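# Chains, contacts and geometry: an overview
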Amino acid sequence: MSLTLAPTASPFPWAAAAITTYTGKASLNFDATAKDVTLEIDGSKITAEDEIVQTLAKAGGLADDSAKTAAYFALAKTLPTVTAFPEITAALDSLDDHLAFRTFLVGHDITAADWIIWGALKGSVKIVGLLKNNKHPHLLRWFSHLESLESTQLAIAGLTEAKSAKARSNKTAASFALGLQNAKEGEVVTRFPPEPSGYLHIGHAKAAMLNQYFAKMYKGKMIIRFDDTNPTKERTEFEETILEDLALLDIHGDMLTHTSDYFDQLYDYALQAIKSGKAYADDTEQEQMRKERFDGIASKHRDDSVEDNLKHFAEMTTGSTEGIRWCIRAKMSVDNPNKALRDPVIYRTNLLPHHRTGSKWKVYPTYDFACPIVDSLEGVTHALRTNEYRDRNPQYHWMIEALGLRPVHIWDFSRLNFIYTLLSKRKLHWFVNTGLVRGWDDPRFPTVRGIRRRGLTVEALRQFMLAQGPSQAIVSLEWDSLWTLNKKVIDPVAPRFWALSETNLVPVTITGGPQEPEVKSQPKHKKNPEVGEKQTVYSSQIFLEQEDAISFDDQEEVTLMDWGNAVVRSKTVNDAGVITAIAMDLHLDGDFRKTKKKITWLAQPTPAHGLVDVTLLDYDYLITKKKLEEADEVKDFVTPVTEFREAARADANVRALKKGDIIQFERKGYYIFDGTGADDRLEFIRIPDGRAASIASKAAPQTGTATPAAVAKDAPAAEEAPAVSKMYKVAKVYGDEELQTPAETKMYKVKNVYAA
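### Brief notes about the nonpolar core
- The biggest cluster of nonpolar side chains holds 66 residues, and the ones touching the most others in it are Ile 202 and Leu 461.
- It is helix α10 (residues 202-217) that contributes the most residues to this core, 10 residues altogether.
- Ranked by size, the runner-up nonpolar core spans 56 residues in total, among them Ala 91, Leu 92, Trp 142 and Leu 149.

### Observations regarding the confidence of the model for the protein
- Considering every residue of the protein, the mean pLDDT works out to 86; 88% of them sit at 70 or more.
- Here helix α9 (residues 171-174) stands out as the least confident element of the protein, with mean pLDDT 33; strand β18 (residues 499-501) is the most confident, with 97.
- Of the regions scoring below 50 in pLDDT, residues 167-177 engages in 19 contacts with residues more than four places distant in sequence or in other chains.

### Quick word on the sheet that holds strand β9 (residues 279-282)
- If you walk across this open sheet you meet the four strands as β9-β10-β11-β12, and the pairing is antiparallel. Each end of this open sheet is capped by a strand with a single partner; those strands are β9 and β12 (363-365). Shown here is a sheet whose adjacent strand axes are inclined to one another by a mean of 20 degrees, direction ignored.
- Pairing of strand β11 (residues 345-349) with β12, which is carried by three bridges, proceeds in the antiparallel orientation.

### A short note on the packing of aromatic side chains
- As enumerated under the stated definition, the model contains 31 aromatic pairs in all.
- Ring geometry for Tyr 199 and Trp 440: centres 5.3 Å apart, planes at 15 degrees, overall stacked. Here the residue Tyr 199 occupies a position in the loop between β6 (189-192) and α10, and Trp 440 occupies one in the loop between α17 (425-433) and α18 (448-453), the gap between them amounting to 241 residues. Like Tyr 199, the residue Trp 440 is buried in the burial classification.
- Aromatic pair Tyr 538 and Trp 563: ring centres 5.3 Å apart, planes at 80 degrees, arrangement edge-to-face. Here Trp 563 lies in the loop between β23 (557-560) and β24 (564-573) and Tyr 538 lies in strand β21 (residues 533-538), a separation of 25 residues in the sequence.
- Residue classification places Tyr 538 among the buried positions, given a relative accessible area of 3%.
- On the accessibility criterion, Trp 563 (18% relative accessible area) is buried.
- What links up through ring pairs into an aromatic cluster is the set Phe 12, Trp 14, Tyr 22, Phe 30, Trp 115, Trp 118 and Phe 143.
- Note that Lys 122 overlies the ring of Trp 14, its terminal NZ or CZ placed 5.2 Å from the centroid.

### With respect to helix α16 (residues 393-402)
- Among all positions of α16, only Asn 393, Gln 395, Tyr 396, Met 399, Ile 400 and Ala 402 are buried.
- Gly 404 occupies a position one or two residues after α16 and carries a positive phi of about 65 degrees.

### Some words on the environment of Ala 314
- Checked against the element boundaries, Ala 314 lands in helix α14 (residues 306-318).
- On a C-alpha basis, the gap between Ala 314 and Val 363 in space is 9.8 Å, while along the polypeptide they are 49 residues apart.

### Some details on the side chain of Thr 595
- Note on placement: Thr 595 falls in the loop between β25 (579-587) and β26 (598-599).
- Owing to a relative accessible area of 8%, Thr 595 belongs among the buried residues under this scheme.
- Within the structure, the side chain of Thr 595 is placed 3.0 Å from the backbone oxygen of Phe 592, a separation counted as a polar contact.

### Describing the pattern of salt bridges
- Taken as a whole and judged by the stated rule, the model has 42 salt bridges.
- Here Asp 585 and Arg 569 are joined by a salt bridge, their closest N and O atoms 2.8 Å apart. Placement of Asp 585 in strand β25 and of Arg 569 in strand β24 is noted, with a sequence separation of 16 residues between them.
- Since its relative accessible area comes to 25%, Asp 585 is described here as partly exposed.
- Measuring nitrogen to oxygen at the nearest pair gives 3.2 Å for the salt bridge that ties Arg 593 to Asp 591.
- According to the relative accessible area criterion, Arg 593 is exposed, its value standing at 66%.
- Residues participating in the shared-partner salt-bridge network are Glu 150, Asp 250, Glu 459 and Arg 462.

### Thoughts on the packing of helix α12 (residues 263-275) against α14
- One can describe the packing of α12 onto α14 by two numbers: an axis separation of 9 Å at closest approach and a directional angle of 155 degrees. Taken together, the axis directions place α12 and α14 in an arrangement best described as roughly antiparallel. On α14, the residues touching Tyr 267, Ala 270, Leu 271, Ile 274 and Lys 275 of α12 are Val 306, Asn 309, Leu 310, Phe 313 and Thr 317.
- For the contact of α12 with α14, the class distribution of residues is seven nonpolar, two polar and one charged.

What counts, and at which threshold
- Residues numbered from 1 in each chain as written.
- Predicted model: local features only at pLDDT ≥ 70, side-chain atom pairs only at ≥ 80, totals over all residues.
- Heavy atoms only, no water.
- Core = buried A, V, L, I, M, F, W, Y, C linked by side-chain atoms within 4.5 Å.
- Buried < 20%, exposed > 50% of the residue type's maximum accessible area, 1.4 Å probe, protein only.
- Helix = DSSP H or I, 4+ residues; strand = E, 2+ residues; numbered from the N terminus.
- pLDDT = per-residue confidence, 0-100.
- Contact = heavy atoms within 4.5 Å.
- Pairing = 2+ DSSP bridges.
- Axes fitted to C-alpha atoms, helices over the stretch in contact; angles between N-to-C directions.
- Phe/Tyr/Trp six-rings, centres within 6.5 Å; stacked < 30°, edge-to-face > 60°.
- Lys NZ or Arg CZ within 6 Å of the ring centre and 35° of its normal.
- Polar contact = N/O pair within 3.5 Å; in protein donor to acceptor, adjacent residues only side chain to side chain.
- Salt bridge = Lys/Arg side-chain N within 4 Å of Asp/Glu carboxyl O.
- Parallel < 35°, antiparallel > 145°, perpendicular 65-115°, else oblique.
- Nonpolar A, V, L, I, M, F, W, Y, C, P; charged D, E, K, R; others polar.

Written out as structure tokens, the structure reads:
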């Protein structure tokens, strides 16, 4: 079955699109030329959306035996036609009441009724706007849940890509199929083939997640296969770390294999290729071979006899001095415009012992030779590859055809790139080796371990990858959309605590406060009681942050969060302008809605009720250039300071946290608990929330792990701004003389603040 619809259809058939990806019973095709939504099934066509939804629900085995289902389908038809605000509100109120004690509209699982109503709501801008007002919490919870499903995100991503394709007037992309070619339920086999030579990074995560997604979508299986064909770079310990990284992403294969499991078969296929005249031995020097391939010049050995080629291959197999001079090349083409097809190397010698097979082999297949063969042998039906391999796709198919193997479908997607981010193993190694980071799990690294330690959740990463999945555009993405998604995941469940910066902490005396400290239970999350409760200490002696204290006006009424209002009666200020004490009167009858400032505070510690010393960490990008080119030297673009540490004091509730717990320090941001530091302080890493301030480069000089560039002895005078800037230095427009302004003005004349 296949569902075809136009990306510009109005109203858009959201229910049909969403249930298509949810059930996986039909492929979803966006065609700009389509006039109506159409489901093709067994040679017939269905064009009514309600019939399409019912057909796919039945095919997908969605329970739907309730008498109320017909009423929901009728409501879905009338909702788009209702324009009067009271009528819309009445319909939403009814649905909200119905869902107050139910997860879904009918029964205990998603049914056709859920999708038809969700589609009707999603298709109305007015209704979606009303839901955002939080007047219908139960309906919004249900609506958001259906929208957050992986299958729904995939449908939304497909629509976005199809619209982009139309905007680009790209005819080849205008008809966009979301699904795998010729996929059959229960028969799809995908594979994720990492090389065990390093740690997985966010680019690998996309490939792994897409492979697992499609395997589950078609009720098939996914193979995790280590591509261990290069003894020079591979280690057993990297296999272990990769499996750990995949576990961090909640990715688990149905099979674990190694390319080295097939070395015997691969060797036999190389012999077969030589004997059939489809491969030959070559001893051309590497640089010369590269030049000949580029210029379309045939190797002097291209037409050697099969006997000579076999003899040289046998010599290679022994690892002799003569053998290591030779390699085996596929006899594809000399001058094909696609240079990937110009007789690529398929076997080479390597005398280093292999981490699994030891010294048994002296010859090893290249990835381009081994991958299609092993894919075919292992039963892989769909090979997912980044489109940087697109030029090598014909090479992949040539190998399979030349050796008479079962064909495999290729489904390619765009490689994931982010601004200010390095994915090159060589460049990441440089940061580790120079000590600019603490290891491969450093929160500044794009490795799976690094981004998870920074607080990125698997759910946010999965949603982001699926949204990017079908895209063929090769661009460097901003981090903001990923961190915004992450915030949506963590905000509803992150417990709230308080922390105050230690810098010039201000003691406050509260008149009207309790004589002795009192402890009361407060919800950790005011909108989600399931998160639990925390213990808050109330005292007449509290602490406030200096920044808050400075902002207070005399006699100003402010709100102490989780307590009530208080009036600022007096402030004590030292000679440096630092506030050293404040006196307040508690005013619990005050209206918190009328105060401008809602302040976090902490009761001053006592032997029975202490505070916790914590360190709040924040990070900057490792490099100062959005995208490094091949010729760029990493060391020339290193951000001088990338780690920022702030000493703070937190409420005692944080002592119960476990490493990896995500919280919010109210009025500061989201943090992930990273454990106890060497100074016995609890360390919390700030999680970016997608807002510009949290992901912008932090140029202000602060203490960090890297050493800021030294200031030259002949540095400019004091009027030069000390902040690091990427702007070109230019001479003053008016020169160094004092600027004369003959025009009359009513502005006050003031002295230059930078003058000596």
